[in-house]
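Below are the chains, spelled out letter by letter.
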Amino acid sequence: MNIQPLGEFSDSAALSLGVELELQLVSRRDFDLTRGATDLIGSLDYDGRFGEIKLEITESMIEISTLARSTVDGIAADLGGLRDTLRHHCERNNIGVCGGGTHPFHRWPERRICPGDRFNDLYQRYGYLAKQFTVFGQHIHVGCTSADDAIWLTQALGVYVPAFIALSASSPFVDGVDSFYQSARLNAVSAFPLSGQCPPLNSWQEFTEHFAFLQACGIAQGIKDLYWDVRPKPEFGTVELRVCDTPLSIEQATSLAALAQSLARWLLRTRPPLDTAKQAHVARYNKFQACRYGLEAMISDPLALCQTPLRQTLASLLEAISEDARELACERWLSPLKQAVAGHAGDADWLRAREKEHGNLNDVVREASQRLIGPDSENQEKTR
Amino acid sequence: MGNNSPSMLDSLVGLPRWLWEALLDRLFFLPPFPERMFGPSSLGWISIEALAQARPIADAALGLLMMEVGRRLDLSWLRHNPELLRSTFADIALSFALIFAFALWLVGLTPAWAAATAAVTMASAPAVVLLTIEEARAQGQVTERIILHTAISSAASFVAFALVLGVVHAELSEDWLNAVVHPLWVVAGALLVGGIGSWLALNIAHILPKRSLAQVFVLVACALLAVGIARMLAVPVFLTLFLMGVLLASRDRQQTLRYTALPEGHWLLAIVLFVIVGASLPWQEFTWLAGLQALGLLLVRAVAKAGAVAWSGGSLPLPKRLLVGVGIQPLSATAVFMAYELASLYPEVGRSALTLPLFAAAMMELVGPALCRLALRRSGECESGAQARGGIA
């Protein structure tokens, strides 16, 4: 077993941000997933000015990750630059790019694992689950100035996992059928043995002891084996939020990053009391509610011993963090989220509406791809 | 036992060849196309009369496949990728020029028949390429570029074919009216019939659910209608249906038929096509000299195609570009049909003048699918392989 040491927690600037988006590579002929990531990466002529473009586990996925930025506007600029770079190179290779947490109708046995030791190891370890892991998520990194803050923030953000799931949900279709879920992507993630919530740990010391325990038991080799919903990332000095579906647009991805930054600031500033043990009892149920019903979820409160509509708690939350958003100069990015909470259709609803109109999923992916690529293409589509 | 039935002796004679093909399967992963069944006429399984009767079926099969190639002609890719424009142009120009030079100077054909030979053999075989890719369920840059090269070289060979029609008329009959009107009729007629077919298909399919079986019926019915009209008006079926496919793709603004695929059964038609094409080849005229000349043509053509994709550079690494060059080597049904169209103009000279491309096509019937399959396998873009068996490629 190749044990990888945890390493020291690298301090980073407080509330600095980084965003990773896993994107779909689709055929421009029928908009099914296609295999092309390795050739695409091999043909890249790009200096890295906006961040990285890299392989993910299968040939039908590509990951873009921004540089560490202090502002949400910086993240928006990086994501826009990465999107445009990717669009240019995908056009050269006749490949389409698309957002969304799942591809609505691809067949997972047709997926091919990317070359590389890590991907090879994952495939050998998890077998077909590795191919079924062709799902697409957004990961948000929030910088912490200390390791203990990172562990505290990991626990604190855990309570808000349903909010991030509901606001990003964009995976209603799986295997060509409506799953009835708003976010079906996380069902693919939950098959992995180390997915789920971070255990109720209270300090960096406890975390390192827990991780050493997992390594000693042969369960985990490195931090990347922990597929927790929220996890510390010592190498970057961040807390990584991993539950979001990749939204259908760069703008929505940026809004989610704004929510993460503002919420983290509010949490670290107000330090609300955490009852991690009690939260652990309802975490899976609340996560299911958010995946299944999105903003219509009923969230269990283990302290008040009641259920509350997620829409209601989110409205209060967005109000509570607006002052922090203003301080961080990202308040405008929260507007789309407020509109969604007020009743505007989210990405999953949009996908269902398009499917209802077209009667097929090929056209849904075609329009979703145009939505990611940018307003020009959208306008072209509207003028048709 | 009737005259058309295979005798025990025929079966015994055929046995060593089947064993040889089984060995080839093992060595070169030959696909299970009946391409290799090129010998039915030589064994007396299919009579000339039967071949003539089967021609409409072959036309229909070729037509459907050509329509599919036309639908896949994606010129927008060329706009975004100048290197592809360079490599497809180089493929077309080099293939035509080198084959023409070979036929003119080394074989000694007249300029008109050398041009006819080049026009007929410059393109890759769409049917072989598409079916090999479909069978291997290949996806990736090598696969996509093989399809693009095949579609564009087919389009270019059809243009060259139309021009050569005029040149042959001019050389052999000195009838300048015929030399101008016949090529124009071929192109205009094919465009007209293809246009009517695509218009009908799109307008009828528009009122049906996308990807429905009813749409498949409409697509196939309109294609067969176009085949019938093309035969009636004496315009080449392959050109008509290719243009119909191009028009279907380019005029389908509302994606009406974009995702509607041909039924799985079109494999059966392809099998019939390959048998008929194989059986129609003039094996009885085979000589060692003709064989060597055909082999020379194929070598020249191979150098032109591989050289074009290698020289044109671009983002795809050289080994993969060379695999594209290997994958576009097949030469088959379309070339044979074009050769017969040309030969039928002046049968007394055309038949012998076009022996060279026909023998070249016959040789490629055997190795073309294997080369295409080899390129796809080496590129790692086939679905089968180590991963399909649970391993890592």
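Residues numbered from 1 in each chain as written. Chains lettered and ligands numbered in written order. Predicted model: local features only at pLDDT ≥ 70, side-chain atom pairs only at ≥ 80, totals over all residues. Heavy atoms only, no water.

Take the overall build of chain B next. A count of helical and extended segments in chain B gives 16 helices and zero strands. Looking at chain B residue by residue over its 393 residues, the buried ones come to 56%. Here the analysis covers contacts within chain B between residues at least 6 apart in sequence; of these, 82% occur between residues at least 24 apart. (Helix = DSSP H or I, 4+ residues; strand = E, 2+ residues; numbered from the N terminus. Buried < 20%, exposed > 50% of the residue type's maximum accessible area, 1.4 Å probe, protein only. Contact = heavy atoms within 4.5 Å.)

Moving on, we come to the packing of aromatic side chains. Residue and element names in this part refer to chain A. Going through the model one piece at a time under the given rule, you end up with 14 aromatic pairs over all chains. Relative to Trp204, the ring of Phe9 has its centre 5.5 Å away and its plane inclined at 70°; by these criteria the two rings are edge-to-face. In this pair, Phe9 sits in the segment before β1 (17-27) while Trp204 sits in helix α8 (residues 204-216), placing the two residues 195 residues apart along the sequence. Owing to a relative accessible area of 10%, Phe9 belongs among the buried residues under this scheme. An angle of 75° between the planes, with centres 4.7 Å apart, marks the rings of Tyr126 and Phe192 as edge-to-face. Placement of the pair is Tyr126 in helix α3 (residues 117-126) and Phe192 in the loop between α7 (185-189) and β8 (195-196), with a sequence separation of 66 residues. Accessibility expressed as a relative area gives 14% for Tyr126, which makes it buried. The rings of Phe9, Trp204, Phe207, Phe211 and Trp228 are connected pair by pair, giving a single aromatic cluster. In this structure, Lys233 packs its charged tip against the face of Phe236, placed 5.2 Å from the ring centre. (Phe/Tyr/Trp six-rings, centres within 6.5 Å; stacked < 30°, edge-to-face > 60°. Lys NZ or Arg CZ within 6 Å of the ring centre and 35° of its normal.)

Here we come to the interface of chain A and chain B. Contacts between the two partners involve 28 residues from chain A, matched on the other side by 33 residues from chain B. Ranking the residues of chain A by area buried against chain B places Arg29(A), Arg35(A) and Arg92(A) at the top, with a combined share of 26%. Residues Arg29(A) and Glu144(B) are paired through a salt bridge, measuring 2.9 Å at the closest nitrogen-oxygen approach. (Buried area = accessible area lost by both parts, 1.4 Å probe. Salt bridge = Lys/Arg side-chain N within 4 Å of Asp/Glu carboxyl O.)

The next subject is the environment of Thr276(A). Residues and elements named next belong to chain A. With respect to the helices, strands and loops of the structure, Thr276 is situated in helix α10 (residues 276-293). Sequence separation between Thr276 and Pro336 is 60 residues; the distance between their C-alpha atoms is 31 Å. The contact partners of Thr276, leaving out residues within four places of it in the chain, are Gln155, Pro200 and Asn202.

Looking now at the side chain of Thr246(A). Residue and element names in this part refer to chain A. Summarising the element assignment, Thr246 is placed in the loop between β11 (238-245) and α9 (250-270). Engagement of the side chain of Thr246 in a polar contact is seen with the backbone oxygen of Gly137, the distance being 2.9 Å. Setting aside residues no more than four positions away along its own chain, Thr246 makes contact with Leu21, Glu22, Leu23, Gly99, Gly100, Gly101, Phe136, Gly137, Gln138 and Ser170. (Polar contact = N/O pair within 3.5 Å; in protein donor to acceptor, adjacent residues only side chain to side chain.)

Here we take up helix α12 (residues 288-311) of chain B. All names here are of chain B. With 24 residues, α12 extends 34 Å from end C-alpha to end C-alpha; this agrees with the ideal 34 Å at 1.5 Å per step. As for α12, its buried residues are in contact with α4 (82-107), α5 (111-121), α7 (141-173), α13 (318-327) and α16 (355-379). Once α12 ends, the next one or two residues include Gly313, with phi positive near 65°. (Expected span 1.5 Å × (residues − 1).)

To continue, consider the packing of helix α5 (residues 147-158) of chain A against α9(A). Each pair of packed helices gets described by two things: the angle between the helix axes and the distance between those axes. Residues and elements named next belong to chain A. Across the interface, α5 lies against α9 with an axial gap of 10 Å and an inter-helix angle of 110°. Put simply, α5 runs roughly perpendicular to α9. Where α5 crosses over α9, the handedness of that crossing is right-handed. Along the contact surface, α5 presents Asp149, Trp152, Leu153, Ala156 and Leu157, while α9 presents Leu263, Ala264, Leu267 and Leu268. Grouping the amino acids of the contact of α5 with α9 by side-chain chemistry returns eight nonpolar, no polar and one charged. (Axes fitted to C-alpha atoms, helices over the stretch in contact; angles between N-to-C directions. Parallel < 35°, antiparallel > 145°, perpendicular 65-115°, else oblique. Left-handed = near helix turned anticlockwise from the far one by under 90°. Nonpolar A, V, L, I, M, F, W, Y, C, P; charged D, E, K, R; others polar.)

In this section: the pattern of salt bridges. Within the structure shown, the criterion is met by 35 salt bridges over all chains. Between Lys54(A) and Glu52(A) there is a salt bridge, and its shortest N-O distance comes to 3.7 Å. The exposure class of Lys54(A) is partly exposed, given its relative accessible area of 28%. The closest approach of N and O atoms between Glu68(B) and Arg71(B), which form a salt bridge, is 3.2 Å. Of the two residues, Glu68(B) and Arg71(B) both sit in helix α2 (residues 48-71), three residues apart, roughly one turn of that helix. Side by side, Glu68(B) and Arg71(B) carry an identical accessibility label, which is buried. Residues joined by salt bridges that share partners form a network here, namely Glu52(A), Lys54(A) and Glu63(A).

Moving on, we get to the pairing of strand β2 (residues 51-55) of chain A. Residue and element names in this part refer to chain A. Note: β2 against strand β3 (residues 61-66), five bridges, orientation antiparallel. Within the sheet, the bridge partner assigned to Lys54 lies in β3 and is Glu63. Taken together, β2 and the strand that follows it, β3, pair antiparallel across an intervening segment of five residues. (Pairing = 2+ DSSP bridges.)

This part is about the side chain of Ser249(A). Residues and elements named next belong to chain A. Mapping Ser249 onto the fold places it in the loop between β11 and α9. Of the residues examined, Ser249 reaches a relative accessible area of 10% and is grouped as buried. A distance of 3.1 Å separates the side chain of Ser249 from the backbone nitrogen of Gln252, its partner in a polar contact.

All right, on to the state of the cysteines then. Residues and elements named next belong to chain A. Enumeration over the complete set of coordinates arrives at zero disulfides over all chains. In this model Cys98 remains outside any disulfide bridge; the closest cysteine sulfur is found in Cys90, 11 Å from its own. In this structure Cys217 is a free cysteine whose sulfur lies 16 Å from that of Cys198, the closest cysteine sulfur available. (Disulfide = S-S within 2.5 Å.)

Further remarks concern the packing of α7(B) against helix α10 (residues 237-250) of chain B. All names here are of chain B. For the pair α7 and α10, interaxial distance at closest approach is 11 Å and the crossing angle is 130°. Here α7 lies oblique to α10, going by the angle between them. Between α7 and α10 lies a crossing whose hand is left-handed. The residues of α10 that touch α7, namely those facing Ala151, Ser154, Ala155, Phe158 and Phe161, are Phe238, Leu239 and Phe242. Across the contact of α7 with α10, the residue classes break down as seven nonpolar, one polar and no charged.

The next subject is α5(B). Counting buried positions over the eleven residues of α5(B) gives ten, a clear majority of the element. Of the residues making up α5(B), those classed as buried are Ala112(B), Trp113(B), Ala114(B), Ala115(B), Ala116(B), Thr117(B), Ala118(B), Ala119(B), Val120(B) and Thr121(B).

Residues and elements named next belong to chain A. Among the eight residues of β11, eight are classified as buried, and the element is accordingly described as predominantly covered. With six bridges connecting them, strand β5 (residues 137-143) and β11 associate as antiparallel partners. Looking at the pairing, Gly137 lines up with Asp245 of β11. One ladder, built from four bridges, connects strand β10 (residues 230-233) with β11; its direction is antiparallel. The residue bridging Pro232 from the neighbouring strand is Val239, located in β11.

Summing up the model confidence of chain A, the mean pLDDT is 93 and the portion of residues at 70 or higher is 97%. Low confidence marks residues 375-384 of chain A, where pLDDT is under 50. Its contacts with residues over four positions away, or in another chain, come to nine contacts. (pLDDT = per-residue confidence, 0-100.)

This next bit is on unusual backbone geometry. A positive phi angle is found at Asn94(A), which is not glycine, with a value near 55°. Structurally, the position occupied by Asn94(A) is in the loop between α2 (72-92) and β4 (95-98). With phi around 55°, Gln255(B) is a residue other than glycine that occupies positive phi space. Along the chain, Gln255(B) turns up in the loop between α10 and α11 (266-280). A residue is classified by how much of its surface remains accessible, and Gln255(B), at 3% relative accessible area, is buried.

Here we take up the environment of Arg55(B). Mapped onto the elements of the fold, Arg55(B) is located in helix α2. Considering only alpha carbons, one finds Arg55(B) and Leu273(B), 218 residues apart in sequence, at a separation of 8.7 Å.

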